[in-house]
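# Breakdown of the fold
For reference, the chains in residue letters:
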Amino acid sequence: MGADEVGAPSQPAPPPGSSPTNTTALFYRDRARQAEADANAATLDNVRTRWMRAAKAWDEMATRAEKTAERRSVNEEAKMIAEMMADD
């Protein structure tokens, strides 16, 4: 498929030991890089613009997924500490 055609590559296998959210963020980053590559290869201005918007959106989704994973980790750690203190 050329850069001006719509298509999605198959989803990559998650790296060993990665959390689902981390895998999601990695997937989003991969899609952003692919959209940027498609934008660079596009011959039509409107197609290039569409791919650049897509790349930005994928990148923003990855950033949100990473922030969510970080908050979840902090919350789980706080919960574990609270449970340990309650057991004492």
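Residues numbered from 1 in each chain as written. Predicted model: local features only at pLDDT ≥ 70, side-chain atom pairs only at ≥ 80, totals over all residues. Heavy atoms only, no water.

Taken as a whole, this structure holds 5 salt bridges when the rule is applied. Of the charged contacts, one joins Glu66 and Arg29 as a salt bridge, the two residues approaching to 2.8 Å between their closest N and O atoms. Residue Glu66 is located in helix α2 (residues 45–87), and its partner Arg29 is located in helix α1 (residues 20–41); the two are separated by 37 residues in the primary sequence. Classification of Glu66 as partly exposed rests on a relative accessible area of 37%. (Salt bridge = Lys/Arg side-chain N within 4 Å of Asp/Glu carboxyl O. Helix = DSSP H or I, 4+ residues; strand = E, 2+ residues; numbered from the N terminus. Buried < 20%, exposed > 50% of the residue type's maximum accessible area, 1.4 Å probe, protein only.)

Counting across every chain of the model gives 3 aromatic pairs. An aromatic cluster is built from Phe27, Tyr28 and Trp58, whose rings are joined through pairwise contacts. The ring of Trp51 carries Arg50 above its face, with NZ or CZ at 5.6 Å from the centroid. (Phe/Tyr/Trp six-rings, centres within 6.5 Å; stacked < 30°, edge-to-face > 60°. Lys NZ or Arg CZ within 6 Å of the ring centre and 35° of its normal.)

Glancing now at the nonpolar core. Within the largest apolar cluster, 7 residues are counted, these being Ala25, Phe27, Tyr28, Ala32, Trp58, Ala62 and Ala65. Secondary-structure elements contributing two or more residues to this core are α1 and α2. Here the element with the most residues in this core is α1; it accounts for 4 residues. Once residues within four sequence positions are removed from consideration, Ala32 is found in contact with Ala55, Trp58 and Asp59. Ranked by size, the runner-up nonpolar core spans 6 residues in total, among them Ala35, Ala39, Ala42 and Trp51. (Core = buried A, V, L, I, M, F, W, Y, C linked by side-chain atoms within 4.5 Å. Contact = heavy atoms within 4.5 Å.)

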